[in-house]
Amino acid sequence: MSTENLPQSPDSPSRKPRVAVVFGGRSSEHGISVVTAGAVLKAIDRTRYDVLPIGITQDGRWALTADEPERMAITERRTPSVDQLAESTEGAVVLPVDPADREVVYSEPGSVPKALGEVDVVFPVLHGPYGEDGTLQGLLELSGIPYVGSGVLSSAVGQDKEYMKRVFTSFGLKVGPYLVIRPREWAQDEAAARKKIVDFAGEHGWPLFVKPARAGSSIGITKVDDLSGLDDAIAEAQRHDPKILVEAALRGREIECGVLEFEDGPRASLPAEIPPPDAHAYYDFEAKYIDSTPGVVPAPLTDEETAEVRRLAVEAFDAASCEGLVRADFFLTEDGEFVINEINTMPGFTPISMYPQMWQATGVGYQELVDLLIQAALRRSTGLR
């Protein structure tokens, strides 16, 4: 591949900050990450920032990709991939390992490595393991490059639904009944592990939700109405994560709220309500991204309920020591209590995603939202803070 058209290192001392948008990744949410990146690339103000798109393929290669957001959309009910966008099938982008050097390098077999210039901030829009779970954040900490979103611990807590719930409980936030089956339990005695789930159902009733403990975008989740569907649900969850989470169904309304970091601290958006989708058993992957089931923004809540869910969303943000952004998901139960289901430290950022829609309703448009996140990242240092 020729390097003539690769981004060049700006040599002007007054150059614009360079933002590396990193997307794709090795998780089952690869395609949604690409769609999110397309929306972010389209929204970044090119008069204020230089942009370097970097895609991570599903086998883990960091690829230089074309800056063509229009190619990153869902088409014919299929999500795009980094392999479709990569400039080369072999070239790789390498981050610096020296915190004093932010120079990014591109190399191909048989060619002299090419300096792409310094990166001032990374906007990681990876979802799921190997990106949203603290692994990428740890790499960026070692490289000394500021980045959008939460740090290592918060990202890890936000990815692992078990420990997320444990943290929330320790801070006094209400969570629903749940059960965790770890890989060792399943490997040592499947019958005993299955019995734990059956006993849990006996205590809390059917249906249950069986899900990967460390995945998102509703991938791998099954609503189980009775014992006959349990084994298939377990197998589906374990396809994405050997550690699985079982949750009791909560009767109530699904309410979401966005949290955004401003200079004076985190603030919550107006909340949204996710109505039960007509063509789906629950708000699953297809309902979210393929059929674009619309949420109601702002949610039809009383003023008191709106104030309460916004307060709880910021409380969850602080409980997990989050930074940048979070989408907090709640159930408003039939007795009027908000129960937190989970947070997403890098929520869906596609044009139809609820996080940007909630902020739009609150008075922060998509382009401004992206800019605020970049500015928040540029204000922070890496390391202990």
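The written sequence of each chain sets the order in which its residues are numbered from 1. Only residues with pLDDT of at least 70 are given local features in this predicted model, and only at 80 or more are side-chain atom pairs given and counted; all residues enter the totals for whole chains, interfaces and linings. Side-chain measures were taken over the full set of non-hydrogen atoms in the model, leaving aside hydrogen atoms and water.

Even after reading the chapter, I still don't get the overall build of the chain, so can you show me in this structure?
Secondary structure elements are defined from DSSP: runs of H or I of at least 4 residues count as helices, runs of E of at least 2 residues count as strands, and each element is numbered from the N terminus. Looking only at helices and strands, the chain has 12 helices and 16 strands in total. Throughout this description, buried means an accessible area under 20% of the type-specific maximum (1.4 Å probe, protein chains only), exposed means over 50%, and partly exposed covers the range between. The 385 residues of the chain split such that 55% are buried. Here, residues are in contact when the closest pair of their heavy atoms is within 4.5 Å. By sequence separation, contacts in the chain at least 24 residues apart represent 66% of the contacts at least 6 residues apart. Each accessible area is a Shrake-Rupley result for a 1.4 Å probe, and residues are judged covered by the shown protein chains and nothing else. For the chain, the computed accessible surface area is about 16700 Å², with 49% contributed by carbon and sulfur atoms.

Please explain the pattern of salt bridges as it appears in this structure.
Note on pairing: side chains with opposite charge can pair once their charged atoms come close. Note on definitions: salt bridges are taken to be side-chain nitrogens of Lys or Arg within 4 Å of carboxyl oxygens of Asp or Glu. Summed over the entire model, instances satisfying the criterion amount to 28 salt bridges. The partner of Lys-243 in a salt bridge is Asp-160, with the nearest N and O atoms 3.0 Å apart. Within this pair, whereas Lys-243 is found in the loop between α8 (230-238) and β11 (244-248), its partner Asp-160 is found in the loop between α4 (152-159) and α5 (161-170), the two being separated by 83 residues in sequence. The exposure class of Asp-160 is buried, given its relative accessible area of 10%. When the shortest N-O distance is used, the salt bridge between Arg-253 and Glu-273 registers 2.8 Å. With Arg-253 in strand β12 (residues 252-262) and Glu-273 in strand β14 (residues 272-274), this residue pair connects regions lying 20 residues apart in the sequence.

Any chance you could explain the nonpolar core here in plain terms?
As a rule of thumb, nonpolar side chains are buried together in soluble globular proteins. Nonpolar cores were defined as sets of buried Ala, Val, Leu, Ile, Met, Phe, Trp, Tyr and Cys residues, with membership established by side-chain atoms within 4.5 Å. Core analysis: the biggest nonpolar cluster contains 35 residues, and Val-21, Phe-23, Val-40, Ile-44, Phe-123, Phe-349 and Val-370 have the highest contact counts within it. The set of elements that each furnish at least two residues to this core consists of β1 (18-24), α1 (30-43), α2 (82-85), β7 (121-124), β12, α11 (354-362) and α12 (366-379). Residues in contact with Ile-44, not counting those within four places in the same chain, are Val-19, Val-21, Tyr-49, Val-51, Gln-367, Val-370 and Ile-374. With 27 residues, the next largest nonpolar core counts Leu-173, Cys-257, Leu-312 and Ala-328 among its residues.

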